[in-house]
Amino acid sequence: MKNTLLYIAIFLSIPVHGQMSAGTDTIKIKEVIISRIKLPSDPPGYKKTTIDSSVLVNYSNSNLSDMLSENTDIFIKSYGMGGTATPAFRGTDASHTLVDWNGININSPMLGQTDVSLIPVGLIDDVQILFGGASMSLNDGGIGGTINLVTKPVWMKETLISINGGTGSFGQYSGLIKVKAGNYKFQTITKGYFQNSENNFRYLNTEIGSEPVWQTRTNSGIQQQGFIQELYLRNSNNIASARIWYQSEDRNLPASMLTSPNPGEKQFDESLRTMLNYDSFKGNANLSFTGAWMMSRLNYFNPLASIDSRNLSEILTLKASLDNPIGEYAKLKIVLEDQSTVINSNNYNQHKTRNTATLAASIERNKNRFGTTILLREILDNSTLLIPDFSAGVQYRLIEDKPYYLKANISRNSKMPTMNDLYWVPGGNHDLKNEYDLVYEISYEMNQKISGPLNLKYNLAVFRYNMKDMIQWHPGQYSYWTADNIQSAKSTGAESSVSLDYMRNKINASLKAGYSYTRAVAGGSNIGNDISIGKQLMYIPENKSTAAFRIGYKNIYSSWVANLIGQRYITVDNSKYLPGYFINNLSIGIKFTLKSSSIDMNFDIDNLFNVNYQSIAYYPLPGRSYFMKILFQLTK
Amino acid sequence: MKNLVNIVIISLMIVSCQKTPEFPNPNYSLGGGVFVVDEGNFRAGNGSLSFYSYDSSKIYNDLFNSVNGRPLGDVPNSMAIKGDKAYIIVNNSGKIEVMDQSTLKSTTTITGLISPRNISFVNDNKAYVSSLYSDSVTIINLSSNSISGYINLRRTSEAIAIAGNKAFIANWSEGKEIMVVNALIDKVLDSIEVGIEPESMTFDKNGMLWVLCNGGWARQNYAELVEIDPNTDYIEKTIVFPTKEASPTCLKIDGLGQTMYYLDNGVRQLDINAMEIPSSIFIIQESGEYFYKIAINPYNNDIFVTDAVDFVQQGYLLLYNSTGTLVSKLRAGIIPGSMCFKLSINT
């Protein structure tokens, strides 16, 4: 409790020295027609936030892991530069977090999670965060929540070419090129990137001898490249689109500080994602069809242990949805989705398939100051009908015509076992049930213009998750582990965020700060005198805070991003823990605009105070580092 | 600016002050007892060392860290005592911690081993260390505490049993042979084909070598107990387990060299003259327990069993007397594994 108060005190004292962001000079743009793109609707009663492009532009040479960690309440469990990073909401597991691309899930069907360190922010236009029950409006299985990566057109007659190059500490260099062209009826968008990094940073190893020793991180280099090609076509009532996203990553996996010799682990990831989408609008009704085929390859090598793991998954998704008004205030939404998965892995006995068909129906109603949502979902898993999920939300506008909302929702959301849980040899269990949780959430949201140039947004959410039948791998009858539905957990917490935006004359400033408290404890088990019951789950921080102050004056801009993570327990009885850390990143840039072109130069210092810290025990993270980037943009 | 400095200072205090809580200095008497090597989880670096003291009837945990101020390493696998030195083999850290056996202060760390598993002493100056991943046994010079050479077995190794100038080395992982090594010249002499995955070995009162072959994790083969004459290297007797589901591990023998013990969903007993595997269970493994390793006090036949519980939380050390009655159940470290006695005839 003492620590909690200290964190809160620090959080409250941070504001004035916070953060900053780009966007200095005003750019006159041509006519923009905001179209009705296929985005998830915002059903009343739920919490959803969007990381917009003004923030994402600061991370154009970074990966999604860094951006989420520094700007959201989502906790990223990271093995450090070059290692995997997985996101988790509100005390749930990484496999309970869905990562979507335009509403289609891209989690690995084998692992059930996404390594967000492999997703370049530069490819993404918007990031939507849907908490708890809000994720049910998009997909099934997002017990914790959903991160929806949006790529989208801007309907204007313009050709834009941008070239972004950067280099920095530890052998980092990267490039990103975007070409956008089209008019009000047709748009083509091409984005290509590469990122290389040796990640050979120095760190102080205090664990292997009586005296600390400076060592250099080895076997942690990564090379990645990829592209997205998007085509959009529309007329007055229809939009059609085709998207292809390819990327590949070749990386060495860094070992723990205590591991010797370095096993020289390597991993090769490759993914090809394709998506066709057609939307038809008639009045306020919308009929949408999406077909997506996605392939992902994950090959893992451990020469020391003679492991050569080869895994290929393919998923075909067909999705149809209808949004139809019912009377003046309500609308009915029906989503039908079929997903076929095929896995070829030398870790399974033979190739495995799964087909799931999902029907979700929801009714949303907004009248006067009240809004309500009711959602029902039924899943047919191969030939088995699962217990239906549901969600209900209610929303009340506190003052007429003012955006002050009180929201509440309750949901039952379930997640199917991953293919590894079912079929891994040895230990996969064909008889696993779905994991499920009951989510209760109350939130308050406001958006207030304080004075002419100053705007305030505030959000407070309190949540409770009861997670049941959680799948855990445990020692079985023989000398290998097996998966079973034996764990339960409860997570209770609160999130609050405040955002102040100021814009006047040539000054543009914003302050965003957030704090989350998560108490996630293990529930009952079949073990007598289980010492984990009632204890905080491992690697879930009770306290997390972020703050970002961004300011621009004329053509100069700067930002300060601070990220505070509280202690995380590394034993189930909470007897040992990793200390909390407070990381500060500073960025400064200047932008020159000349007619239709611009040059933007930027210099970043990460971990400004050179803090020695770990996100996972014995996996060091880098100290102070530098990154310089230059963006050239041509518009015609 | 002043606020900023305050924030930074407070933040640095948070980072620097919150260290892993220290365990109280045990202040135990290192009289007779048994060390328990707590393996911890692979790559988590949470392995540790415990000691059960006969003097106080208590267990003392996390001893290596509290004495040496640093973690023991990643997956300590086994421990052995020779003279006034104790040796802990740390598998995924590729090292051997050499300690003063009375103070547990690390005196030397022998590094550069590949996935070491067990150590066995040839004489006062030489020891062999087996390896899960390499094809060679590592030779350790005990005088200089350094690697002095390798014996290429062309296969991985696990248990090592030494009789006179012969070392019998089990090729456990996916293997089915006992390699016979001339310990005078460190050369392979012979190999003896036994059952699938020879996992543990012990000598009986007649000097015969008993090998427990687990049968492999996939349970496609029967487990076997094989009796070998170490003088001739011939197999004298093979006892096949009655079902493929039997998955025995951790063969030990009592102080008389007459009764063998192993784990298979509980503690099992077998006389060296038996011709078949008995169906009865000597000590029943209760629901929620996972018997992981066993050790028999050679002087009074006390039976120590480690219970790894769920392999995540701290496990238990169970002490039974020679009749199989539970004497005490004490919380050890995470995945309490192999044990090493520190006893004298008077203990």
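Computed from a predicted model, the values in this text were never measured in an experiment. (Residues numbered from 1 in each chain as written. Chains lettered and ligands numbered in written order. Predicted model: local features only at pLDDT ≥ 70, side-chain atom pairs only at ≥ 80, totals over all residues. Heavy atoms only, no water.)

1. A few points about the overall build of chain B
So, step 1. The helix and strand tally for chain B stands at two helices and 28 strands.
So, step 2. Seen through its C-alpha atoms, chain B measures out along the principal axes to roughly 80 × 45 × 45 Å.
So, step 3. Here chain B, with 347 residues, has 61% of them falling under the buried criterion.
So, step 4. For chain B, long-range pairs separated by at least 24 residues make up 42% of all intrachain contacts whose partners lie at least 6 apart in sequence.
So, step 5. Counting only carbon and sulfur atoms, one obtains 48% of the accessible surface of chain B, whose full area is about 13900 Å².
So, step 6. With 26 positive and 35 negative side-chain charges, chain B shows a spacing of 7 Å between the two charge centroids. (Helix = DSSP H or I, 4+ residues; strand = E, 2+ residues; numbered from the N terminus. Buried < 20%, exposed > 50% of the residue type's maximum accessible area, 1.4 Å probe, protein only. Contact = heavy atoms within 4.5 Å. Areas by Shrake-Rupley, 256 points an atom, 1.4 Å probe, with all protein chains shown as cover. Lys, Arg positive; Asp, Glu negative; His and termini not counted. Charge placed at Lys NZ, Arg CZ, Asp CG, Glu CD.)

2. So, the sheet that holds strand β15 (residues 187-193) of chain B
In any sheet, the strands associate via hydrogen bonds between backbone groups, in a parallel or an antiparallel arrangement.
All names here are of chain B.
So, step 1. Spatially, β12-β13-β14-β15 is the arrangement adopted by the four strands of the open sheet, whose pairing is antiparallel. A strand with exactly one partner marks an edge of an open sheet, and here the two such strands are β12 (160-163) and β15. Across the sheet, the axes of successive neighbouring strands diverge by a mean angle of 25 degrees, strand direction being ignored.
So, step 2. Pairing between β12 and strand β13 (residues 166-171): four bridges, direction antiparallel. Counterpart to Ala161 in the pairing with β13 is Phe168. (Pairing = 2+ DSSP bridges. Axes fitted to C-alpha atoms, helices over the stretch in contact; angles between N-to-C directions.)

3. Thoughts on the confidence of the model for chain B
Residue and element names in this part refer to chain B.
So, step 1. Here chain B averages 90 in pLDDT, while 90% of its residues score no lower than 70.
So, step 2. Note on residues 1-25: pLDDT is under 50 here. Beyond four places in sequence and across chains, it has 37 contacts.
So, step 3. Scored as a complex, the prediction yields pTM 0.88 and ipTM 0.86. (pLDDT = per-residue confidence, 0-100.)

4. Re the environment of A:Pro541
Residue and element names in this part refer to chain A.
So, step 1. Checked against the element boundaries, Pro541 lands in the loop between β27 (507-522) and β28 (543-553).
So, step 2. Measuring from C-alpha to C-alpha, the distance between Pro541 and Ile570 comes to 11 Å, with 29 residues separating the pair along the chain.
So, step 3. With near-sequence residues (within four places) excluded, Pro541 lies in contact with Phe75, Thr518, Gln536, Ile565, Gly566, Gln567 and Arg568.

5. Some thoughts on the packing of aromatic side chains
So, step 1. Taken as a whole and judged by the stated rule, the model has 25 aromatic pairs over all chains.
So, step 2. Here the aromatic rings of A:Trp481 and B:Phe311 are separated by 5.4 Å at their centres, their planes lie at 75 degrees, and the arrangement is edge-to-face. Of this pair, A:Trp481 sits in strand β26 (residues 481-504) while B:Phe311 sits in the loop between β25 (303-307) and β26 (314-320), each in a different chain.
So, step 3. Of the residues examined, B:Phe311 reaches a relative accessible area of 7% and is grouped as buried.
So, step 4. Both rings, one in B:Phe241 and one in B:Tyr262, keep their centres 5.6 Å apart while their planes meet at 80 degrees; by these two values the pair is edge-to-face. Taken together, the residues B:Phe241 in the loop between β19 (234-240) and β20 (249-253) and B:Tyr262 in strand β21 (residues 259-263) connect sequence positions 21 residues apart. Taken individually, B:Phe241 and B:Tyr262 each receive the classification buried, so the pair is uniform in this respect.
So, step 5. An aromatic cluster is built from A:Trp481, B:Tyr290, B:Tyr292 and B:Phe311, whose rings are joined through pairwise contacts.
So, step 6. In this structure, A:Lys47 packs its charged tip against the face of A:Phe131, placed 4.2 Å from the ring centre. (Phe/Tyr/Trp six-rings, centres within 6.5 Å; stacked < 30°, edge-to-face > 60°. Lys NZ or Arg CZ within 6 Å of the ring centre and 35° of its normal.)

6. Here we look at the nonpolar core
A general trend in soluble globular proteins is that nonpolar side chains are found buried together.
So, step 1. Core analysis: the largest hydrophobic core is formed by 34 residues, its most contacted members being A:Leu68, A:Val127 and A:Leu149.
So, step 2. Of all the secondary-structure elements, those providing two or more residues to this core are α2 (53-56), α3 (64-71), β4 (97-101), β6 (126-131), β7 (145-150) and β16 (285-302) of chain A.
So, step 3. Ignoring any residue separated from it by four or fewer positions in sequence, one finds A:Leu149 in contact with A:Leu64, A:Val99, A:Asp100, A:Trp101, A:Asn102, A:Ile106, A:Ile119, A:Ile124, A:Asp126, A:Val127 and A:Trp245.
So, step 4. Counting 16 residues, the second largest nonpolar core, distinct from the first, contains B:Leu212, B:Ala223, B:Tyr262 and B:Ile277. (Core = buried A, V, L, I, M, F, W, Y, C linked by side-chain atoms within 4.5 Å.)

7. A word on the environment of B:Asn221
Residue and element names in this part refer to chain B.
So, step 1. One can find Asn221 in the loop between β17 (209-213) and β18 (224-229).
So, step 2. Assessed through its relative accessible area of 32%, Asn221 is described here as partly exposed.
So, step 3. Measuring from C-alpha to C-alpha, the distance between Asn221 and Ala246 comes to 9.7 Å, with 25 residues separating the pair along the chain.
So, step 4. When sequence neighbours within four positions are dropped, the list of residues in contact with Asn221 reads Ile196, Gly215 and Lys244.

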